[in-house]
Amino acid sequence: EVREFPQNPDSVEGALLEPQLVDTPEAGEVLVSGDPFGVGEYLDDHQGDNAYNFGGCCGLVTVSNLLTMAGLESTEDEVIGRAISLNLCQYDVFGDPNQNGGTNVYQRQLLLQSYGISSTVFSSKEQGGGLEAIADYVEAGHGVNISVNAGYAWDDPNAIGDGTSNHSIVVAGTVRDPETGALKGLYVCDSGLTDRESSAMFLSVEVLQDAYLDAGGTSALVTDNPIR
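Here is what the cut-offs are and how they apply
Residues numbered from 1 in each chain as written. Predicted model: local features only at pLDDT ≥ 70, side-chain atom pairs only at ≥ 80, totals over all residues. Heavy atoms only, no water. Helix = DSSP H or I, 4+ residues; strand = E, 2+ residues; numbered from the N terminus. Buried < 20%, exposed > 50% of the residue type's maximum accessible area, 1.4 Å probe, protein only. Contact = heavy atoms within 4.5 Å. Areas by Shrake-Rupley, 256 points an atom, 1.4 Å probe, with all protein chains shown as cover. Lys, Arg positive; Asp, Glu negative; His and termini not counted. Charge placed at Lys NZ, Arg CZ, Asp CG, Glu CD. Disulfide = S-S within 2.5 Å. Salt bridge = Lys/Arg side-chain N within 4 Å of Asp/Glu carboxyl O. Axes fitted to C-alpha atoms, helices over the stretch in contact; angles between N-to-C directions. Left-handed = near helix turned anticlockwise from the far one by under 90°. pLDDT = per-residue confidence, 0-100. Parallel < 35°, antiparallel > 145°, perpendicular 65-115°, else oblique. Nonpolar A, V, L, I, M, F, W, Y, C, P; charged D, E, K, R; others polar.

What am I meant to see in the overall build of the protein chain here?
Looking only at helices and strands, the protein chain features 7 helices and 8 strands. Dimensions of the protein chain, computed from C-alpha atoms along their principal axes, come out at roughly 55 × 40 × 30 Å. Taking all 228 residues of the protein chain together, the buried fraction comes to 51%. Counted over contacts in the protein chain with a minimum sequence separation of 6, partners at least 24 positions apart contribute 65%. In the structure as shown, the protein chain presents an accessible area of about 10300 Å², 47% of it carried by carbon and sulfur atoms. A gap of 4 Å separates the mean positions of the 8 positive and 35 negative side-chain charges of the protein chain.

Here's what the structure looks like:
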């Protein structure tokens, strides 16, 4: 299926999507920016349903979703095919397909560049990779991919592994306290939870502390220009 995310007709380059006061089940009444629920309707939250039978392709789905957010036609199959041709993903033609498709953040950066989208990588330990910086990027229309530890993000001990980065997701929106403006969390599209809807999944600041800030090897990939 080809997905094309419709650009906001009222926006201009770099424009901030107006925050909306939303009563959420996760955080109560909060200011939500980035329209994560609307955007989520066009994003792929189910990795693995591809012609290559690749199972470990969360990062490649992340790239596909960023392209969709940028208004470009994109599919999981097309991105996987390009990644294989450019040698930008784990691929063993004789191996278990379910283990194929893995990427690191620099491979995702190069793959995005092949579509004409430049980006910068920040460690989660840098100011530019901090949660407030990520929120600012999202609110200004930039595309943001973060690598996290899935076990902490999903509250699933079986997915923690050694506690370092093992999963890739797209940040689609921010959640702030309506009175103080304090960041309460992020809405993300997570393609790894294939058994349930996860195109606009809330991760609190507390969860992100464990899954992103404190986990080893985590990073943020941020498009250099706004994409929506």
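Could you clarify how one ought to interpret the state of the cysteines in this entry?
As used in these notes, a disulfide is a covalent bond between sulfur atoms, one from each of two cysteines. Scanning the model with the defined rule gives 0 disulfides in all. Looking at Cys-57, it has no disulfide partner, and the nearest cysteine sulfur is the one in Cys-58, 7.4 Å off. Among the cysteines around Cys-89, which has no disulfide bond, Cys-57 carries the closest sulfur, lying 9.1 Å off.

What am I meant to see in the pattern of salt bridges here?
Think of it this way: side chains of opposite charge can pair up when their charged atoms draw near. Counted under the stated rule, the structure contains 4 salt bridges. Of the charged contacts, one joins Asp-136 and Arg-176 as a salt bridge, the two residues approaching to 3.6 Å between their closest N and O atoms. Residue Asp-136 is located in helix 5 (residues 131–139), and its partner Arg-176 is located in strand 5 (residues 167–176); the two are separated by 40 residues in the primary sequence. Asp-136 sits in the partly exposed class, given a relative accessible area of 44%. The class for Arg-176 is buried, based on a relative accessible area of 13%. The salt bridge partner of Glu-139 is Arg-176, with a shortest N-O separation of 2.9 Å.

Mind showing me how you'd approach the packing of helix 2 (residues 58–69) against helix 4 (residues 105–114) here?
Between two packed helices, both the angle of their axes relative to each other and the distance between the axes serve to describe the pair. Two numbers describe how helix 2 lies on helix 4: the axes approach to 10 Å, and their chain directions differ by 35°. In the crossing of helix 2 with helix 4, the sense of the turn from one axis to the other is right-handed. Within the contact between the two elements, helix 2 uses Gly-59, Leu-60, Val-63, Leu-66 and Leu-67 and helix 4 uses Arg-108, Leu-111 and Leu-112.

For this particular structure, what's the right way to read the environment of Gly-217?
Mapped onto the elements, Gly-217 comes out in the loop between helix 7 (205–213) and strand 8 (219–226). Look at Gly-217 and you get exposed, because its relative accessible area is 67%. On a C-alpha basis, the gap between Gly-217 and Lys-125 in space is 9.4 Å, while along the polypeptide they are 92 residues apart. Those residues in contact with Gly-217, other than ones at most four positions away along the chain, are Ser-147 and Ser-165.

What should I look at first to understand the confidence of the model for the protein chain in this one?
Detail in the predicted coordinates should be disregarded across regions flagged by low pLDDT. For the protein chain, the average pLDDT comes to 92, and 93% of its residues sit at 70 or higher. Every residue in residues 1–6 is under pLDDT 50, and counting partners more than four places away or in other chains gives 24 contacts. A low-confidence stretch, residues 8–16 stays under pLDDT 50, and its non-local contacts, those more than four residues away or across chains, total 8 contacts.

Explanation requested: the packing of helix 2 against helix 3 (residues 76–85) in the structure shown.
Viewed as axis vectors pointing N to C, helix 2 and helix 3 meet at an angle of 120°, and their least axial separation amounts to 9 Å. By the angle between their axes, helix 2 is oblique relative to helix 3. Where helix 2 crosses over helix 3, the two elements pack in a sense that is right-handed. Note on element contacts: helix 3 touches helix 2 through Glu-76, Val-79, Ile-80 and Ala-83, opposite Leu-60, Val-61, Val-63, Ser-64 and Leu-67. Of the residues in the contact of helix 2 with helix 3, the class split is 7 nonpolar, 1 polar and 1 charged.

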